[in-house]
Amino acid sequence: MAETSAPNQLEEMMLLAVAEAAKARMKAPPNPWVGAVVETADGLVMGHTQSPGGSHAEIDALDQAGSRAFGSTLYVTLEPCSHHGRTPPCAHAIVKAGVRRVVIALVDPDYRVRGKGIEYLQSHDVEVKVGVGEEAVKAQLAPYLKHRATGLPWVVLKLAITLDGRIASNDGSSNWITGENARKRVQALRSESDAIVVGSNTVMVDDPQLTVRIPGTSRSPRRIVFGAIPSGARVLPAEEYFGSPSVLLEVLGKEDVLQVLVEGGAHLAKSFLDSDLIDQFVFHIAPALHGGEDGISAFAGHGSRSVSDLTRLEAKSVISLGNDVEIEAWSLRASKLIKSL
């Protein structure tokens, strides 16, 4: 078997595992979405986490590799488990398959794992290397990592805005500020989330369904409305909520919700912002102008008193969505947390 010991080669192999993990994003929660690559004497075999109760990434890949896994190198984005959960321990299966070496991006912060899988492998003479591709996997698994570290879900705020920062005209209309490509991107964000929250005014004005409409996807996040839901609203069936955002997140975290998508409106966005509850900001910006002060701003109420009080973020990406642009940024708090794990 060809040896892949050079750092750049290890990174390349781990990036294949990261790409494989992306295939599990919509079906793995509340489990982490993990990818694995088995490097055998005659090629590569890839696997990813299946739906809860199904195979973990390591088992998915090892089952496909069969006897070829003996003497192989396994690349996996998250530490293999060593405890009995819905499925048997992955670390035990790795040893049984005769894997020679395991390259791991991240130690699993879950208290049931947290180094125990690595210890088991090493105690059974399996060579283990940790930290390869760590940065990419931390970004990919941020919702899972935050939940395991804090008990709270990862909060994504998505806003469609004009170039001059308006999410709706003064009559409340907002359909459609952005184009079809941006709306498809929203569908992807919904499909990655376990719950979607909006304000009751958004429900009354826009009457959204808040469903995932991606062909072949059965993902159906919970729909939660801050305030009363009008009879006959298209968002139904949905949950009414009358408490604070922070309490809601605590409840959802205990219910194994890993990611919450906040879709509006301005008052709800402001309440999450003021409480520093938003981890990831996704702005879809249309090359359009409202052209005045009477439109609805992205955030309601008063803003920063001076430039020194601005809410600073860490930019992550800028991509084109047809005629629109998506800017993704993380809060400094969220970025610091994920980097520390």
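Residues numbered from 1 in each chain as written. Predicted model: local features only at pLDDT ≥ 70, side-chain atom pairs only at ≥ 80, totals over all residues. Heavy atoms only, no water.

**Notes on the overall build of the protein chain**
Looking only at helices and strands, the protein chain has eleven helices and 15 strands in total. A compact globule built from 341 residues should have a C-alpha radius of gyration of about 20 Å, and the protein chain, at 22 Å, falls within 12% of that. For the C-alpha atoms alone, the extent of the protein chain along its principal axes is close to 70 × 40 × 35 Å. Burial statistics for the protein chain: of 341 residues in total, 49% are counted as buried. Counting contacts in the protein chain only where the partners sit at least 6 residues apart, residues at least 24 apart contribute 71% of the total. With an accessible surface of roughly 15,800 Å², the protein chain has 52% of that area assigned to carbon and sulfur atoms. Treating the 34 positive side-chain charges of the protein chain as one cloud and the 40 negative ones as another, the clouds have centres 2 Å apart. (Helix = DSSP H or I, 4+ residues; strand = E, 2+ residues; numbered from the N terminus. Rg over C-alpha atoms; globule rule 2.2 N^0.38 Å. Buried < 20%, exposed > 50% of the residue type's maximum accessible area, 1.4 Å probe, protein only. Contact = heavy atoms within 4.5 Å. Areas by Shrake-Rupley, 256 points an atom, 1.4 Å probe, with all protein chains shown as cover. Lys, Arg positive; Asp, Glu negative; His and termini not counted. Charge placed at Lys NZ, Arg CZ, Asp CG, Glu CD.)

**Some points on the environment of T211**
Along the chain, T211 falls in the loop between α8 (200–206) and β9 (222–226). A residue is classified by how much of its surface remains accessible, and T211, at 22% relative accessible area, is partly exposed. Here the alpha-carbon distance between T211 and Y120, two residues 91 residues apart in the chain, equals 43 Å. Discounting chain neighbours no more than four positions away, the residues touching T211 are Q187, R190 and R223.

**Let's talk about the pairing of strand β8 (residues 195–199)**
It is a general feature of regular strands that their side chains alternate between the two faces of the sheet. Counting buried residues along β8, five of its five residues qualify, which places the element largely inside the surrounding structure. Burial along β8 is two-sided: A195, V197 and G199 and I196 and V198, pointing in opposite directions, are all buried. With five bridges joining them, β8 and β9 adopt parallel strand pairing. When the sheet's bridge partners are listed, I196 is paired in β9 with R223. Each parallel crossover has a hand, and for β8 linked through α8 to β9 it is right-handed. In this structure, β8 lies alongside strand β11 (residues 259–264), joined through four bridges in parallel fashion. Within the sheet, the bridge partner assigned to I196 lies in β11 and is L261. (Pairing = 2+ DSSP bridges. Right-handed = clockwise from strand over helix to strand, strands pointing away.)

**Observations concerning the sheet that holds β9**
Strand pairs in the sheet, formed through backbone hydrogen bonds, run parallel or antiparallel to each other. Spatially, the eight strands line up as an open sheet ordered β10-β9-β8-β11-β6-β12-β15-β14, and their pairing is mixed. The strands lining the two open edges of the sheet, one partner per strand, are β10 (239–241) and β14 (313–321). Between one strand axis and the next, the sheet turns by 25° as a mean value, whatever way the strands run. Of the strands in this sheet, β6 (154–162), β8, β9, β10 and β11 touch helix α9 (residues 245–254), which is tilted by about 160° from β9. Packed on one face of the sheet, helix α11 (residues 332–340) meets β6, β14 and β15 (324–331) and runs near 65° to β15. (Axes fitted to C-alpha atoms, helices over the stretch in contact; angles between N-to-C directions.)

**Some thoughts on the sheet that holds strand β2 (residues 43–48)**
With mixed pairing, the five strands of this open sheet are ordered in space as β2-β1-β3-β4-β5. One side of each edge strand has no neighbouring strand; the edge strands of this open sheet are β2 and β5 (127–130). Strand-to-strand twist across the sheet, computed as the mean angle between neighbouring axes with direction ignored, equals 15°. Looking at chain direction, strand β3 (residues 73–78) and strand β4 (residues 101–106) are connected through five bridges and run parallel. Looking at β4, one finds that L78 is bridged to L106.

**Description of the environment of K158**
Relative to the assigned elements, K158 resides in strand β6. Classification of K158 as buried rests on a relative accessible area of 10%. Residues contacting K158, with those up to four places away along its chain left out, are V186, L189, L261, V262, E263, V282 and H284.

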